[in-house]
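Report on the structure
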Amino acid sequence: MTRTRPTPLWSTQPPEPLALGEAEGSAGRGSRTALCLWLPTFELRLELVRFPELDTASVALLAPGESTRRQVWQVSERAAQAGVRPGMLVSQAVGLCASLTLLEPDPAHYDAATAGILEALEALSPVVEPSGRGRVFVGMDAKLMAAAKRAVPASTISLSAWATRRMWARTS
């Protein structure tokens, strides 16, 4: 089994990666290898899937909650290119991008999509830990690591494994 030298928490360089497919333990109890699936702007991406005609438009998802001064929560790439930023007041955002399409959040839709993703991941691994919408940690065993190696560039997996080991070192 390939291992790495311990890396101090203050190190800015990742250690040499563990050999892919040779993770310690299994995906079950005691596994210390996890894959983080993070989908930035998860809720906005779900809206763009639901309304594909908006994919080429400047779109902003409004912040959830009731307020007289509404704010932008998530923005599409095109809206960001126009200067619209999360946390910005709607009046400011529309001032920067007159063609901005504003969408109300739909938490029930986002929760249903999250549940579907979790169900699919639970079919692959017994260790699935959601960390909010759009972010999930999945316990990995050798079989899943091999599948990840085929699906994702090795440099990405090495960086993720390095970050996971650093996270475990801080919490252990």
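Note that the structure is a prediction, hence the values are computed from the model and not measured.

1. Let's talk about the packing of helix α1 (residues 42-50) against helix α4 (residues 107-122)
Packing of α1 against α4 leaves a shortest axis separation of 10 Å and a crossing angle of 95 degrees. The angle between α1 and α4 falls in the class roughly perpendicular. Facing α1, whose interface residues are Phe42, Glu43, Leu46, Glu47 and Arg50, α4 presents His109, Tyr110, Ala113, Thr114 and Ile117. Residues belonging to the contact of α1 with α4 are distributed by class as follows: 5 nonpolar, 2 polar and 3 charged.

2. Points about the pattern of salt bridges
Scanning the entire structure with this criterion turns up 6 salt bridges. For glutamate 77, the salt bridge goes to arginine 45, with nearest N and O atoms at 3.6 Å. Here arginine 45 lies in helix α1 and glutamate 77 lies in helix α2 (residues 77-81), a separation of 32 residues in the sequence. The class of arginine 45 is partly exposed, set by a relative accessible area of 39%. The salt bridge involving arginine 133 is made with aspartate 111; its shortest N-O contact spans 2.9 Å. Residue arginine 133 is located in the loop between β5 (128-130) and β6 (135-139), and its partner aspartate 111 is located in helix α4; the two are separated by 22 residues in the primary sequence. You can call arginine 133 partly exposed: its relative accessible area is 32%. Look at aspartate 111 and you get partly exposed, because its relative accessible area is 41%. A cluster of three or more residues bridged by salt bridges with shared partners is formed by Glu43, Asp111 and Arg133.

3. Overview of α4
With 16 residues, α4 should reach 22 Å at 1.5 Å per residue; the first-to-last C-alpha distance of 22 Å fits that figure. Buried residues of α4: Tyr110, Thr114, Leu118 and Leu121, and no others. Mapping the buried residues of α4 onto a view down its axis gives an arc of 75 degrees, with all of them on the same face. When the buried face of α4 is taken as reference, the exposed residues oriented beyond 90 degrees from it are Ala108, Ala112 and Glu119. The inward-facing, buried residues of α4 contact β1 (34-38), α1, β2 (59-62), β3 (72-75), β5 and β6.

4. Quick word on unusual backbone geometry
Of note in this structure, threonine 41 is not a glycine but carries a positive phi near 50 degrees. Here threonine 41 shows up in the loop between β1 and α1.

5. Quick notes on the environment of leucine 103
Its place among the elements puts leucine 103 in strand β4 (residues 101-103). Along the backbone, leucine 103 and alanine 63 are 40 residues apart, and their C-alpha atoms lie at a distance of 9.4 Å.

6. Here we look at the sheet that holds β6
Within the open sheet, the 3 strands sit side by side as β1-β6-β5. Their pairing is antiparallel. Because the sheet does not close on itself, it has two edges, and the strands there are β1 and β5. On average, each strand axis in the sheet is inclined to that of its neighbour by 20 degrees, with strand direction left out of account. Here 5 bridges tie β1 to β6, and the two strands are oriented antiparallel to one another. Bridging from a neighbouring strand, leucine 37 pairs with valine 136 of β6. Where α4 meets the sheet, its contacts fall on β1, β5 and β6, and the angle it forms with β5 comes to roughly 160 degrees.

Parameters and conventions
- Residues numbered from 1 in each chain as written.
- Predicted model: local features only at pLDDT ≥ 70, side-chain atom pairs only at ≥ 80, totals over all residues.
- Heavy atoms only, no water.
- Axes fitted to C-alpha atoms, helices over the stretch in contact; angles between N-to-C directions.
- Helix = DSSP H or I, 4+ residues; strand = E, 2+ residues; numbered from the N terminus.
- Parallel < 35°, antiparallel > 145°, perpendicular 65-115°, else oblique.
- Contact = heavy atoms within 4.5 Å.
- Nonpolar A, V, L, I, M, F, W, Y, C, P; charged D, E, K, R; others polar.
- Salt bridge = Lys/Arg side-chain N within 4 Å of Asp/Glu carboxyl O.
- Buried < 20%, exposed > 50% of the residue type's maximum accessible area, 1.4 Å probe, protein only.
- Expected span 1.5 Å × (residues − 1).
- Arc of directions from axis to C-beta.
- Pairing = 2+ DSSP bridges.

So, to be careful, I would describe these as geometric facts and stop short of saying anything about function.
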